[in-house]
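The residues making up each chain are set out below.
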Amino acid sequence: MSNLQSEQLLQMETTCGSLLYELQIIWNEVGESDKDRDEMLLELEQECLEVYRRKVDQANRCRAQLRQAIADSEAELAAICSAMGERPVHIRQSDQNAGSLKEELSKIVPQLEEMKKRKLDRKNKFLEVLEEIQIISSEINGSTEYSSSKTVVDETDLSLRRLEELHRQLHALQTEKSDRLKQIQDHLCTLNSLCLVLGMDFKQTSSEVHPSLDDSEGCKNISNDTIERLAAAIQKLREVKLQRMQRLQDLASTMLELWNLMDTPIEEQQMFQNITCNIAASEHEITEPNTLSVDFINYVEAEVSRLEELKSSKMKELVLKKRSELEEICRKTHMVLEADSAIDYVIEAIDSGDVDPACVLDQIELQVAKVKEEAFSRKEILEKVDKWLFACDEECWLEEYNRDENRYNAGRGAHLTLKRAEKARALVNKLPAMVDALASKTIAWEKERGIDFTYDGIRLLSMLEEYTILREEKEQERRRQRDQKKIQGQLIAEQEALYGSKPSPSKPQSVKKAPRMSTGGASNRRLSMQAPKPDPLHSIKATPHSRPTPRKADRIHQNEQLSNYLDDGFSALSSGEDSASST
């Protein structure tokens, strides 16, 4: 006990003793009995005891309150530290030198206040993050009813780990929002380009999807429903674009056909050049504004209708033109046009209105397409036929050249003629291989298409077969003439051996010419029945007008002509070789 407390207690005892002494003096003067004095002293002691007891009870209650306050503060501080994920700040000392309860309470209260302040700051951070999360979530979900008062923070977990998780969640939502905004912006750009091409109002179209999309600066709705509706609107416009594009391309094709049919001047075609240039364009290539607008398509339809009316007025001319085109294709490809003697009747029916000219024109166009297709398949064979016919011409020229007795005389251009003869002989030597290759190609063509390959109405294989037969006959005639020449040579040798003299040159010449003259005479007699003498090459051809269909009598007649011609040619060729050998 300190000196101050001892002095105070001593002073208190002194005061109590003096008061008791003074009380005794008063009792003496009053004359109080000892019994009364004892009772008064006992009462005084009891009252003092009650006072002490009250003070002790009050002190106990105060101590209990201090302990409770310390415990509550420690519990609250521990709860705050636990919620914030931190270690407890205050740890009570268990040694004997610990301070008083008030000192301990005075130490823990500032720590508790500091932690409460930190907890409040941490809670505010949680509120900020949660509010942003809820706002973005509401935008993504398409909910417009959001109130910050509804934001609730779980105060049992205010740790930095939880705050970091919320930050990550917020960052993910912000990224998703950014992606959605970009996606919506891309959709809007696509929608705008489609509206420009189709000639539609972009603002009205976008506002029909969602009113917020029309505001270029405001916040746009980024919900799944808005994105889906925007994508559906784009898909719908794309379908409309494809339909209109197909319609415009059909109109452009019709326009080109009508231009070609009526030989429309280039100046008139230039006005619609931007349409015809897109006739084979794909969807993404058509981007110019109003290219597929309703007004523009109606304008093109009006032009096509005008051309159709003009076509109807010129249908007779177009039918004749197409018919001429068909005949020209058949002439160039040596095909016989099907008999159509009713063309004059068709023209009269068109004039009278009994026949739809469009149907007639369609039929002729189908024939043209069919003939063009067949002509394309005949191209390679016709090229070989041309080479064969050219070789036949060269063969005929070579035969005429061999008949000329003055062919070796030196004259102007003789060396050029000699060079041509050498080339002609080389080409004629290739004729058998050329005929075989042409026949193989023709057989393959007929097998593939199931029809005969005709050349000016005559089957090409028959022509080749006849040419081969006649060529073999000519070869046999040449061998026969060679054998006869050999026999004549033997006879001359025998005459020289018998008579010892050489016959005159004129006599054997006449002997050698006798059979040739008889052959030539027979040939001339055959040809005299067929005046005038036909061209040897044209004898194996038939024009579409003179030979619409090959007949057996005509083919026999033609074979006789070709046989006569080839007989004369081989005779001349043999005489030419004889004269060449004699010289």
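Only a predicted model underlies this, so the values are computations on that prediction, with no experimental measurement involved.

1. Quick word on the overall build of the protein chain
Here comes step 1: The helix and strand tally for the protein chain stands at 17 helices and two strands.
Here comes step 2: In the protein chain, which comprises 583 residues, the proportion classed as buried is 32%.
Here comes step 3: Sequence-distant contacts in the protein chain: of pairs separated by 6 or more residues, those separated by 24 or more amount to 76%.

2. A word on helix H4 (residues 160–198)
Here comes step 1: Over its 39 residues, H4 runs 56 Å from end to end, which matches the ideal 57 Å to within 8%, given 1.5 Å per residue.
Here comes step 2: Gly199 sits one or two positions beyond H4 and adopts a positive phi of about 70°.

3. A closer look at the environment of Gln185
Here comes step 1: Mapped onto the elements, Gln185 comes out in helix H4.
Here comes step 2: Along the backbone, Gln185 and Lys220 are 35 residues apart, and their C-alpha atoms lie at a distance of 9.7 Å.

4. Overview of the packing of helix H5 (residues 202–209) against helix H6 (residues 224–262)
Here comes step 1: Where H5 meets H6, the axes come as close as 9 Å, and the angle between the chain directions of the two elements is 135°. It follows that H5 is oblique to H6 by the angle criterion. With respect to the hand of their crossing, H5 and H6 are arranged in right-handed fashion. On H6, the residues that touch Thr205, Glu208 and Val209 of H5 are Thr226, Arg229, Leu230, Ala233 and Leu237.
Here comes step 2: Per-class residue counts for the contact of H5 with H6 are four nonpolar, two polar and two charged.

5. Some details on the UniProt feature "coiled-coil region" (unreviewed entry) in the protein chain
Here comes step 1: Mapped onto this structure's residue numbering, the UniProt feature "coiled-coil region" (unreviewed entry) falls at residues 49–76.
Here comes step 2: Annotated as 100% helix and 0% strand, the span residues 49–76 places its first and last C-alpha atoms 40 Å apart.

6. Points about the pattern of salt bridges
Here comes step 1: Scanning all chains against the criterion turns up 24 salt bridges.
Here comes step 2: Note that Arg180 is salt-bridged to Glu176, the shortest N-O span being 3.2 Å. Note that Arg180 and Glu176 are positioned in helix H4 at a spacing of four residues, about one turn of the helix.
Here comes step 3: Assessed through its relative accessible area of 10%, Arg180 is described here as buried.
Here comes step 4: For Glu328, the salt bridge goes to Lys332, with nearest N and O atoms at 3.9 Å. Of this pair, Glu328 and Lys332 both sit in helix H10 (residues 315–332), four residues apart, roughly one helical turn.

7. Examining H5
Here comes step 1: Thr205, Ser206 and Val209 are the residues of H5 that are buried. Summarising the axial view, the buried residues of H5 lie within an arc of 95°, below the 170-degree limit, and thus occupy one face. Turned more than 90 degrees off the buried face of H5, the exposed positions are Lys203 and Glu208.
Here comes step 2: For H5, the elements touching its buried residues are H4 and H6.
Here comes step 3: Sitting at the head of H5, Asp201 places a side-chain oxygen 3.3 Å from the backbone nitrogen of Lys203.

8. Remarks on the nonpolar core
Here comes step 1: One finds Ile184, Leu230, Met255, Ile275, Leu292 and Val300 to be the most contacted residues of the largest nonpolar core, which totals 69 residues.
Here comes step 2: When residues in this core are grouped by element, the largest group, 14 residues, is from H6.
Here comes step 3: Apart from the residues lying within four places of it in its own chain, the contact partners of Val300 are Leu248, Leu251, Met255 and Ile275.
Here comes step 4: Listed in part, the 27 residues of the second largest apolar core include Leu398, Leu427, Trp445 and Phe453.

9. Describing a negative patch on the surface
Here comes step 1: Negative charge collects at one region of the surface, where Asp34, Asp38, Glu39, Glu43 and Glu47 lie side by side.
Here comes step 2: By secondary structure assignment, the location of Glu43 is in helix H2 (residues 34–83).
Here comes step 3: Of the residues examined, Glu43 reaches a relative accessible area of 45% and is grouped as partly exposed.

10. Notes on the packing of H6 against H10
Here comes step 1: Two elements in contact, H6 and H10, have axes separated by 10 Å at closest approach and are oriented at 80°. Between H6 and H10, the crossing angle belongs to the class labelled roughly perpendicular. Here Asn260, Leu261 and Met262 of H6 lie close against H10, whose contacting residues are Leu318, Lys321 and Lys322.
Here comes step 2: Grouping the amino acids of the contact of H6 with H10 by side-chain chemistry returns three nonpolar, one polar and two charged.

11. Things to note about unusual backbone geometry
Here comes step 1: Despite not being glycine, Asn290 has its phi angle at roughly 60°, a positive value.
Here comes step 2: Note that Asn290 resides in the loop between helix H8 (273–276) and helix H9 (294–313).
Here comes step 3: On the basis of relative accessible area, Asn290 is assigned to the partly exposed category, the value being 42%.
Here comes step 4: With a phi angle near 60°, His334 is a residue other than glycine that sits in the positive phi range.
Here comes step 5: With respect to the helices and strands, the residue His334 is situated in the loop between H10 and helix H11 (343–352).

Cut-off values and rules
Residues numbered from 1 in each chain as written. Predicted model: local features only at pLDDT ≥ 70, side-chain atom pairs only at ≥ 80, totals over all residues. Heavy atoms only, no water. Helix = DSSP H or I, 4+ residues; strand = E, 2+ residues; numbered from the N terminus. Buried < 20%, exposed > 50% of the residue type's maximum accessible area, 1.4 Å probe, protein only. Contact = heavy atoms within 4.5 Å. Expected span 1.5 Å × (residues − 1). Axes fitted to C-alpha atoms, helices over the stretch in contact; angles between N-to-C directions. Parallel < 35°, antiparallel > 145°, perpendicular 65-115°, else oblique. Left-handed = near helix turned anticlockwise from the far one by under 90°. Nonpolar A, V, L, I, M, F, W, Y, C, P; charged D, E, K, R; others polar. UniProt positions renumbered as here; feature names shortened; annotations may be inferred. Salt bridge = Lys/Arg side-chain N within 4 Å of Asp/Glu carboxyl O. Arc of directions from axis to C-beta. Polar contact = N/O pair within 3.5 Å; in protein donor to acceptor, adjacent residues only side chain to side chain. Core = buried A, V, L, I, M, F, W, Y, C linked by side-chain atoms within 4.5 Å. Patch = residues over 30% accessible without salt bridge, like charges linked within 9 Å, V, L, I, M, F, W, Y side chains within 5 Å. Areas by Shrake-Rupley, 256 points an atom, 1.4 Å probe, with all protein chains shown as cover. Lys, Arg positive; Asp, Glu negative; His and termini not counted. Charge placed at Lys NZ, Arg CZ, Asp CG, Glu CD.

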